[in-house]
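# Overview (structure and organization)
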Number of protein chains: 2
Amino acid sequence: MGKMLIKNVLCAGRKTNVLIEGNRFSSLSAPSDVPSEKVIEASGLAILPPFFNTHTHAAMSLLRGYADDMELHKWLTQYIWPFEAEMTSDDIEKGSYLAIKEMIATGSVFFNDMYFDIERTVKAVDELGIRASLGVTFMESHTKAQQSEKLDILRHWQDPSGGRIMLTVAPHSIYTVGSDLLKKCASIAREGGFRYHIHLSETEKEVADCVRLHGCRPVEYLDRLGVLGDNVIAAHVVHVTEKEADILAGRGVTISHCPCSNMKLASGIFQYKMLKKAGCRITIGTDGDSSNNNLDMGEEMKFAALLAKVGSGDPETAPAEEILRCATAGGAEAFGIDSGRIEEGALADALLVDMNDIKMQPCHNLISNWVYSAGSEAIKYVICDGRIVG
Amino acid sequence: MGKMLIKNVLCAGRKTNVLIEGNRFSSLSAPSDVPSEKVIEASGLAILPPFFNTHTHAAMSLLRGYADDMELHKWLTQYIWPFEAEMTSDDIEKGSYLAIKEMIATGSVFFNDMYFDIERTVKAVDELGIRASLGVTFMESHTKAQQSEKLDILRHWQDPSGGRIMLTVAPHSIYTVGSDLLKKCASIAREGGFRYHIHLSETEKEVADCVRLHGCRPVEYLDRLGVLGDNVIAAHVVHVTEKEADILAGRGVTISHCPCSNMKLASGIFQYKMLKKAGCRITIGTDGDSSNNNLDMGEEMKFAALLAKVGSGDPETAPAEEILRCATAGGAEAFGIDSGRIEEGALADALLVDMNDIKMQPCHNLISNWVYSAGSEAIKYVICDGRIVG
């Protein structure tokens, strides 16, 4: 079992040596002379948990900057969908590589994806060494043959990476998937032990259409269908009532909050304070490069915190420590990954961050500097599953 | 007159050679063999205008992360003011150096400041080679002796940098400066050819207090005092009516929009769309490190654009090109500096940006990538007044 020693690193306020054995942290107070295959001299660096990006569309990195500053319908129908219609499997592979390299450069070791040609993304994740939860996407518009192919992927799934990749059942949304298929996806997920990844209550239009068609709001609708449970990852969740927040909290649903996307598309202001008060599990996602326009979770943390404050009128909402947890351990927990925290016994996923970076100076409060000030250029090493990646 | 040749640089969509003579761009299509004291091989780099930060408090860099996530009054009275009361002139000098280094690293060549011990900040700006407009701050709480010292500074001002530094008359705000002193500052500014820098309509409390004390809203109040003109730089301007927007536009006032600070302190959502429609001149500022918590104008552009979209419910508001202009040429124009654009004859201020940076890939739209995706790590050179700085 390989050993990696990180020497003289700042860890929770003290200088220490961190030892990794195999893919787990074995000691946060190791002697400085432990024989190790790999030694990192980390004076001036702090060890911090890496990011878990809970909602994205990796291969859409190819569409970064392709269409901006326009209304959602025009954006989708005149730009995004026509571009995607021309994308080949090779493009999806290239887009996945580009996205994962960007994620590593900006400190993420995990992403929860929803896209197509999943085997191409599996290949990229496996090779580049990070973790992912990849959605097998269901839409009503797919043919029977396509749907049964997707069922086959789920049925015959074997993780080539030795534990870093999982699949999810991913019905796209309530407006692209009918009630029967939403329910069928839920039973496939339950029976196969998969998570259920869906876009939910992203826009006012989605809510209004749901009320018109089903006589209730989107969260209530999914609850009536018996879909909601603690394996559900709901992306966006912008337009919800307190009653819906209580349902989400009661069912143990994980919310993936995507502030940049919601702001850029003018979808609405996420109600962080209300959802937190209701007891909801809030994590953070970047959405795709086409609507953000990057996959930088550090930047997303700042957007999440600042939007929560101005949105609620309360500057005490979403303090730095809490937002950091949403972006790290909160995401890991939602996917049952024993990571997102620097602890003996946990999976060895970490960032080593330069304390001498100018945006980290002075250091009255390391976490505040990390959440509100620093950029990804402060990240010197990204470690995933006991190995340096990137 | 020294020459600098920037070879093979991407400029407005084409590869070219940019020649600087002295402190101005002399050609955007120079031959590649012009004899020059300095040559930058810029293949793979794009030349872009640098940032003009129109509202900050540089020396407050020392307070980065000192107090966050709390209500304004508690923040000021229990943390910021007690800290500042202990700051020496040497601290202000150190804080100014730190801030200017951060500004250069993040692509700013100019800042409009409001703080104390101005001569220490003059020293730092002069030495580090960028531009600044430094406020001689007036508050009602200063003694007569302090006020006459300040008048002396303005009266005897001589720029040691040869054209990069100017002073402003900076009455802090309408709630810390009485009407007589506000008017006196205005006449000093008019007579001396100074700009007038003031915090304005930042919080709801400021507006409510003004209405109670003066029977009108802050912009109306300043207009009645005869203060508003095209030499006024008003920072924040969050809480204004359409009538006030018309006054600001009519008087040619420059607004310094500080989205991160307004969001983090939960001051309110800047009404970009309404103010733009009224014809107001909008520029961008970071405010101090204590309320942001960095001085990164690239990040501030993204916050400005995304907040304008979600705040108005209109994703077409604040497109990338327009926001870039607010952060560059718009700021330069407000201070009468012949810069903020890459043009023959203009002052030679520029950024050289790495097109191969992962957040700049692919390049469907360079400006979109720059405003919405890239971080300051893509900046490879910062040029101010014809010289490489940083």
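A short tour of the structure in this document, coming up. Just so you know, these numbers come straight off a predicted model, no measurement behind them. (Residues numbered from 1 in each chain as written. Chains lettered and ligands numbered in written order. Predicted model: local features only at pLDDT ≥ 70, side-chain atom pairs only at ≥ 80, totals over all residues. Heavy atoms only, no water.)

### Let's talk about the relation of the copies chain B and chain A
Rotating chain B by 180 degrees and moving it 0.0 Å along the rotation axis overlays it on chain A with an RMSD of 0.0 Å. Each copy turns onto its partner about a two-fold axis. If distances are taken from each C-alpha of chain B to the rotation axis, the shortest is found for Glu377 of chain B, at 2.9 Å. Most of the interface of chain B is mirrored in chain A: 100% of its interface residues are interface residues there too. (Least-squares fit on C-alpha atoms with pLDDT ≥ 70 in both. Contact = heavy atoms within 4.5 Å.)

### Considerations on helix H11 (residues 297-312) of chain A
Residue and element names in this part refer to chain A. Taking 1.5 Å of rise per residue, 16 residues should cover 22 Å, and H11 covers 22 Å from first to last C-alpha, within 8% of that figure. Burial analysis of H11 places 14 of its 16 residues in the buried class, the great majority of the element. Measuring from the side-chain oxygen of the N-cap residue of H11 to the backbone nitrogen of Gly298 gives 2.9 Å; that N-cap residue is Asp296. Among the residues trailing H11, Gly313 stands out with phi positive, at a value near 75 degrees. (Helix = DSSP H or I, 4+ residues; strand = E, 2+ residues; numbered from the N terminus. Expected span 1.5 Å × (residues − 1). Buried < 20%, exposed > 50% of the residue type's maximum accessible area, 1.4 Å probe, protein only. Polar contact = N/O pair within 3.5 Å; in protein donor to acceptor, adjacent residues only side chain to side chain.)

### Quick look at the sheet that holds strand S7 (residues 108-115) of chain B
Residues and elements named next belong to chain B. The strand order across the open sheet built from eight strands is S6-S7-S8-S9-S10-S11-S12-S13, with neighbouring strands paired in parallel fashion. Edge positions in the sheet fall to strand S6 (51-56) and strand S13 (281-284), since each has one partner strand and no second. Averaged over all adjacent pairs, the angle separating strand axes in this sheet is 25 degrees, with direction ignored. Bridge analysis of S7 against strand S8 (residues 131-138) gives six bridges, and the strand direction is parallel. The partner of Phe111 across the bridge, within S8, is Ala132. Strand contacts of helix H3 (residues 118-128): S7, S8 and strand S9 (165-171), with the helix running at about 180 degrees to S8, the strand carrying the most contacts. (Pairing = 2+ DSSP bridges. Axes fitted to C-alpha atoms, helices over the stretch in contact; angles between N-to-C directions.)

### Re the interface of chain B and chain A
Across the contact, 54 residues belong to chain B and 54 residues belong to chain A. Here chain B packs against chain A, burying approximately 4200 Å² in sum over the two surfaces, 63% of which is carbon and sulfur. Linking chain B to chain A there are six salt bridges. Of the charged contacts in the structure, one is a salt bridge between Lys302 of chain A and Glu299 of chain B, with a shortest N-O distance of 2.5 Å. Counting across the interface, chain B meets chain A through 30 residue pairs in polar contact (both at pLDDT 80 or more). For the side of chain B that touches chain A, the secondary structure elements donating two or more residues are helix H2 (89-105), helix H9 (259-264), helix H11 (297-312) and helix H14 (366-373) of chain B. When residues in the side of chain B that touches chain A are grouped by element, the largest group, seven residues, is from H11 of chain B. Per-class residue counts for the side of chain B that touches chain A are 23 nonpolar, 16 polar and 15 charged. (Buried area = accessible area lost by both parts, 1.4 Å probe. Salt bridge = Lys/Arg side-chain N within 4 Å of Asp/Glu carboxyl O. Nonpolar A, V, L, I, M, F, W, Y, C, P; charged D, E, K, R; others polar.)

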